[in-house]
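Given next are the chains, with one letter for each unit.
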Amino acid sequence: MEEDKGSPVAEAEEVVRRLLGTIEVIAEISDYRNAYKKQFSNLSRRVKLLAPMFEELKDSREPIPAEAVRSLARLGDALDAASELLRFGNDGSKICLVLERDKVTKWFQEVTARLEQALDGIPLNELDISDEVREQVELVHSQFKRAKERIDMPDDKLYGDLSCLYDKGNDLQIKPEILGRLAENLQLSTISDLTQESLALHEMVIASGDPEQSIEKMSMLLKKIKDYVQMQNPEMGTPSNQKTKDYVLTQNPEMGTPSNPKVSISEGENKVPVFPDDFRCPISLELMKDPVIVSTGQTYERAFIEKWLDAGHTTCPKTQQKLRNKSLTPNYVLRSLIAQWCEANGMIPPQPPSKQNKPTSACSPAERANIDKLIRKLSSSSIDDQRSAAGELRLLAKRNVDNRICIADAGAIPLLVNLLSTADQRTQEHAVTALLNLSIYDENKAIITSSGAIPGIVHVLRSGSMEARENAAATLFSLSVVDDNKITIGASGAIPALALLLSEGSQRGKKDAATALFNLCIFQGNKSRAVRAGVVPTLMKLVTEPDGWMVDEALAILAILSSNTECKAVIGDLQAIPVLVEVIRSSSPRNKENAAAVLLHLCTGEQEQQHLAEAQERKVMGPLLELASNGTERGKRKAAELLVRMTRFLEQQKQAQAQIMSQAELNHQSQLPSTVADEVLLLPPP
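Residues numbered from 1 in each chain as written. Predicted model: local features only at pLDDT ≥ 70, side-chain atom pairs only at ≥ 80, totals over all residues. Heavy atoms only, no water.

### Let's talk about the overall build of the protein chain
- Counting secondary structure elements, the protein chain contains 33 helices and five strands.
- Burial status across the protein chain gives 50% buried among its 686 residues.
- Long-range contacts, defined as pairs at least 24 residues apart, comprise 72% of the intrachain contacts of the protein chain with a sequence gap of at least 6. (Helix = DSSP H or I, 4+ residues; strand = E, 2+ residues; numbered from the N terminus. Buried < 20%, exposed > 50% of the residue type's maximum accessible area, 1.4 Å probe, protein only. Contact = heavy atoms within 4.5 Å.)

### A word on the packing of aromatic side chains
- Taken as a whole and assessed by the stated rule, the structure comprises two aromatic pairs.
- Between the aromatic rings of Phe88 and Trp107, the centroid separation amounts to 5.3 Å while the plane-to-plane angle is 45°, which identifies the pairing as tilted. Taken together, the residues span a long stretch of sequence, with Phe88 in helix 4 (residues 66–91) and Trp107 in helix 6 (residues 101–120) at a distance of 19 residues. (Phe/Tyr/Trp six-rings, centres within 6.5 Å; stacked < 30°, edge-to-face > 60°.)

### Focus: the sheet that holds strand 5 (residues 329–330)
- Across the sheet, three strands lie side by side as 4-3-5; this open sheet has antiparallel pairing. Looking along the sheet, the strands with just one partner apiece sit at the ends: strand 4 (299–301) and strand 5.
- Sheet topology places strand 3 (residues 291–293) next to strand 4; three bridges connect them, and they run antiparallel. When the bridges of strand 4 are listed, Val292 appears paired with Tyr300.
- In the packing of helix 12 (residues 302–310) onto the sheet, the strands contacted are strand 3, strand 4 and strand 5, and the crossing angle to strand 4 comes to about 95°. (Pairing = 2+ DSSP bridges. Axes fitted to C-alpha atoms, helices over the stretch in contact; angles between N-to-C directions.)

### Looking at the nonpolar core
- With 97 residues, the main nonpolar core has Leu416, Leu502, Val535, Val536, Leu558 and Leu561 as its most contacted residues.
- When residues in this core are grouped by element, the largest group, nine residues, is from helix 27 (residues 551–561).
- Discounting residues that sit within four places of it in the chain, Leu558 has contacts with Val536, Leu539, Met540, Val543, Ile571 and Val598.
- Core analysis: the next-biggest nonpolar cluster, separate from the first, contains 46 residues, Leu20, Val47, Ala68 and Leu79 among them. (Core = buried A, V, L, I, M, F, W, Y, C linked by side-chain atoms within 4.5 Å.)

### Observations concerning helix 2 (residues 37–48)
- Taking 1.5 Å of rise per residue, 12 residues should cover 16 Å, and helix 2 covers 16 Å from first to last C-alpha, within 8% of that figure.
- Buried residues of helix 2: Gln39, Phe40, Leu43, Ser44, Arg46 and Val47, and no others. Angularly, the buried residues of helix 2 cover 165° about the axis, an arc narrow enough to put them on a single face.
- Its buried side turned inward, helix 2 meets helix 1 (8–28), helix 3 (51–59), helix 4, helix 5 (94–99), helix 6 and helix 7 (131–147). (Expected span 1.5 Å × (residues − 1). Arc of directions from axis to C-beta.)

### Quick look at the side chain of His430
- In this fold, His430 is placed in helix 18 (residues 425–439).
- Apart from residues no more than four positions distant in its own chain, His430 is found in contact with Arg387, Ala390, Gly391 and Arg394.

### So, the pattern of salt bridges
- Under the counting rule described, the total for this entry stands at 30 salt bridges.
- For Arg634, the salt bridge identified is with Glu138, shortest N-O distance 2.8 Å. Of this pair, Arg634 sits in helix 33 (residues 633–681) while Glu138 is found in helix 7, placing the two residues 496 residues apart along the sequence. Accessibility assignment for this pair places Arg634 and Glu138 in one class, buried.
- A salt bridge links Glu138 to Arg637; the nearest nitrogen and oxygen atoms lie 3.1 Å apart. Residue Glu138 is found in helix 7, and its partner Arg637 is found in helix 33; the two are separated by 499 residues along the sequence.
- Salt bridges sharing partners connect three or more residues here, namely Glu135, Glu138, Glu593, Arg634, Arg637 and Lys638. (Salt bridge = Lys/Arg side-chain N within 4 Å of Asp/Glu carboxyl O.)

### Some points on unusual backbone geometry
- Positive phi, close to 55°, is recorded for Gln575, a residue that is not glycine.
- Among the structural elements, Gln575 can be located in the loop between helix 28 (565–573) and helix 29 (577–586).
- We note that Lys619 has phi near 60°; this positive angle belongs to a residue other than glycine.
- Summarising the element assignment, Lys619 is placed in the loop between helix 31 (608–617) and helix 32 (621–630).
- On the accessibility criterion, Lys619 (62% relative accessible area) is exposed.

### So, the side chain of Asn564
- Note on placement: Asn564 falls in the loop between helix 27 and helix 28.
- Owing to a relative accessible area of 8%, Asn564 belongs among the buried residues under this scheme.

Pasting the structure below:
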């Protein structure tokens, strides 16, 4: 039955649709290559774990209580704030992220606090959602609660290097090692990276309303990094080993005299010529191929100013003046001067790009040609060619999203999948890691799975080198973000292989296996597979290991699995009650809540009375009372439910004991009359 607009049911449906839409937007933001990569990735991962709750609410036929609708609406506002922060992490300037670290850290704290408060206000017990989803949301809530109390700052050395370079302004005497560190740590080592950074800087200047100082100082800083990168990478357009040739630029009537025509970077006795600033597009900082003039008189590379205008901007990126119109006039004079300069310096003049052959990503033609060359080597009969090509594609796919798009568009994925079955372990390792890096871009996940990659990845997981097995597990985790893939991966035989890696792998391998298992076991059908694969004894062993370095992960997986009947039986057979009680008594808040969740599941099954009795013998009441008073919100709820069950159990025991004593008394009294009669007969007559 269709509800009228404005009705409570319609309002609830609208709130849930909004929540799902925001999660979909966040899921599309996937590339965080900056000083806050860990923080952005953690925030994104936690937010996406809320999606199953919204899906179940969408499919539920039970009405959502009015208070819960209001709480979900507040969560929607918090998710919008998170989406804005994540978009900034994806598109924002890497330089500004470091230089403005205090503001960025405060932004993280504010968003995290809003999400934690919104989740805290949702009455999960009143919503029609499964136990597994409820526990997952509670786990996310506890993660946000811990995260809001932490302050994670970017690397101090990176901040110091960048601040030093920023403060020097136009001083060109910068040590090459500092520029090298910045290019590496900021991941500004390709034309694509540098172009994206320049675009991001301009966008941030518009938003901040500070076009004067920021645009000049940060653009100059970025130019220094780019000059260094060009010196180190001759294929980017600058000859790597020739003497500096003085070239005085003839005055350009439209642009004035260039501000810096002879700047060069020294390397030993050789000097490398650097493009004059006026030859660079102010947006991309690249040598212009097709320069055009906008209405303010400034010149830009056509492709980048078109992108700027298509994004809805109505101002000149460099001056912030309002554009009178959007017309673009070719700057033939500047194009001629660039050609003359290139010829004088032994370089091939740049050619305007063909409008009929636009690349699908920001990869340059040279980068695309290199990728095509590597793909041809993948098809070679030479194992050496295959190994080297897979290794280079692995590194390229790790670098940026444009490379991931370009590599996939060029048809590399099916060829990499074929190499998963090669006998050469190093090639196999490169192939599975390349697929892992490619899968970071969400659109590539479907291509990877449709290319039949999952059986090959499982093969590597079973028989590859330790590094290959680790990366195979990480790849399965990445692919399992798509719900349908959880089913496919579970049915492929991956779970026993992950269980084996969890048992015998390196520290990193165990972490990767645990992460993949956690995600896969969200799907109900995979829980029995995990139990039958023997994962529960391994998890219990990890919980009891002296160093305790994987207690968090092990208990989190057990909390998900323990709703499964088979899992309860295995945990019970492993004598887990003493371990769980000890965790509730003395471990971290997160571990206490997960241990309480496992214990609660055990105390709701066929062996409920046995487990409650054992927990009582281990004196669980005191730790439960403490957890119910001072634990996390989820921990308090689990402890409260356990206390209810324990109290009922103790009351039943008390009643049973009373019945036994009462019966004993009755038995005693039933014997009493004959004894009394005998005594009466022995009395002397009155």
